[in-house]
Amino acid sequence: MAVHLTRQRFPSEHPVSRSRVGMVCLSLVAIWWVGSTLVFAQGRVTDVLVSVVKDKVIAVTGVGQSEIDLSVGETVRSTKAQGLTALAITSTRLLGFSSQLRRWGEQTLAVDEHVATSQVVREFCLVATDQHLYGFQETLAHWSSEDLGASERVQDVRAQSHVALVITTERLLGYSAFMNGFHAIALQGDERVQGIEHTGDAFLIKTSSRTLMFRSRMASWTEMS
């Protein structure tokens, strides 16, 4: 007696449509492309060095270089670079370079303005002249400024990681890599700075009458009780 067996077909054995296979492959390619793009983008942010070649200031990173032309008669007084930030001080301008944006930012100096001191750290730089304070924010390739009073003089400038502190004869000024502009608090009467403590994100200043704190992610001074 002949026995006829009927094979049962399960859903998993049905052939997969070409359109479904195509969609799966396309999704895998998209995931690979996004991942590769993120890795590449992260790799583009590299430290910078700065140099002067003929009539140009050149910033060099691991992925290329960016040039800015000097004007006729303009001379370079000094150059500095640290981490992602570069600074060139010329006879007429301050030139800051952002490695992340691969772009120069410039700040014009007054004809009779003279640079007193400058600090460059990984994500910003700070310049004090006899007339202004200037800060360059690397993440935006942007300069901000603060006027000094007619009789106000800079006594000390300190920069650490994400914050900077400027002490003048009249004020304390904080600057942050994360916040735009300078943030000032006036010294009272004959108040004098007696001690300074810091981390990479905060300054604690003890004066003859109070204790003050400036933090990198807060655009204000806090008086400690």
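Structure shown above.
These numbers come from a predicted model, not from an experiment. (Residues numbered from 1 in each chain as written. Predicted model: local features only at pLDDT ≥ 70, side-chain atom pairs only at ≥ 80, totals over all residues. Heavy atoms only, no water.)

Colleague: I'd like a rundown of the side chain of threonine 90, residues and numbers included.
Modeller: The residue threonine 90 is located in strand S5 (residues 85–90) in this model. We classify threonine 90 as buried; its relative accessible area is 2%. A distance of 3.1 Å separates a polar side-chain atom of threonine 90 from the backbone nitrogen of threonine 92. A distance of 2.9 Å separates the side chain of threonine 90 from the backbone nitrogen of arginine 93, its partner in a polar contact. (Helix = DSSP H or I, 4+ residues; strand = E, 2+ residues; numbered from the N terminus. Buried < 20%, exposed > 50% of the residue type's maximum accessible area, 1.4 Å probe, protein only. Polar contact = N/O pair within 3.5 Å; in protein donor to acceptor, adjacent residues only side chain to side chain.)

Colleague: Account for the sheet that holds strand S16 (residues 193–198), with residues named and values stated.
Modeller: Strands sit in the order S16-S17-S18-S19 across an open sheet of four strands; the sheet is antiparallel. With partners counted over all chains shown, the strands left at the sheet margins are S16 and strand S19 (221–224), one partner each. The sheet shows a mean angle of 25° between the axes of neighbouring strands, direction not considered. (Pairing = 2+ DSSP bridges. Axes fitted to C-alpha atoms, helices over the stretch in contact; angles between N-to-C directions.)

Colleague: How would you summarise the packing of aromatic side chains if you had to cite specific residues and measurements?
Modeller: The final tally for this structure, using the stated rule, is five aromatic pairs. The cationic tip of arginine 217 hangs over the ring face of phenylalanine 178; the distance from NZ or CZ to the ring centre is 3.9 Å. (Phe/Tyr/Trp six-rings, centres within 6.5 Å; stacked < 30°, edge-to-face > 60°. Lys NZ or Arg CZ within 6 Å of the ring centre and 35° of its normal.)

Colleague: Describe the pairing of S16, with residues and values.
Modeller: Here is the key point about a regular strand: its side chains alternate between the two faces of the sheet. As defined by bridge partners, S16 adjoins strand S17 (residues 202–207) across five bridges and the pair is classed as antiparallel. For glutamate 197, the partnering residue across the bridge sits in S17 and is leucine 204. Where S16 folds back on S17, the antiparallel hairpin that results is connected by three residues.

Colleague: Requested: an account of the environment of lysine 80, with residues and values cited.
Modeller: Relative to the elements of secondary structure, lysine 80 occurs in strand S4 (residues 76–82). Spatially, the C-alpha atoms of lysine 80 and valine 48 are 9.9 Å apart, while their sequence positions differ by 32 residues. Lysine 80 has contacts with Val50, Thr85, Ala86, Leu87, Ser118 and Val120, leaving out every residue within four places of it along the chain. Side-chain polar atoms of lysine 80 contact the side chain of serine 118, separated by 2.8 Å. (Contact = heavy atoms within 4.5 Å.)

Colleague: Can you explain the pattern of salt bridges? Please cite residues and give values.
Modeller: Oppositely charged side chains can pair when the atoms bearing their charge come close. One pass over the full model with this rule turns up ten salt bridges. For arginine 93, the salt bridge goes to glutamate 74, with nearest N and O atoms at 2.8 Å. Of this pair, arginine 93 sits in strand S6 (residues 93–98) while glutamate 74 sits in the loop between strand S3 (64–69) and S4, and the two are 19 residues apart along the sequence. Each member of the pair, arginine 93 together with glutamate 74, is buried. With its nearest N and O atoms 3.5 Å apart, the salt bridge here joins glutamate 197 to lysine 206. When its relative accessible area of 44% is taken as the criterion, glutamate 197 is described as partly exposed. On the basis of relative accessibility, which here comes to 39%, the residue lysine 206 falls in the partly exposed class. Salt bridges sharing common partners tie together Lys56, Glu67 and Asp69. (Salt bridge = Lys/Arg side-chain N within 4 Å of Asp/Glu carboxyl O.)

Colleague: Just give me the short version of the environment of aspartate 190, but keep the residues and values in it.
Modeller: Its place among the elements puts aspartate 190 in the loop between strand S15 (182–186) and S16. In this structure aspartate 190 comes out as exposed when scored by relative accessible area, which is 64%. Each C-alpha atom, one on aspartate 190 and one on serine 208, is 8.6 Å from the other, the two residues being 18 residues apart in sequence.

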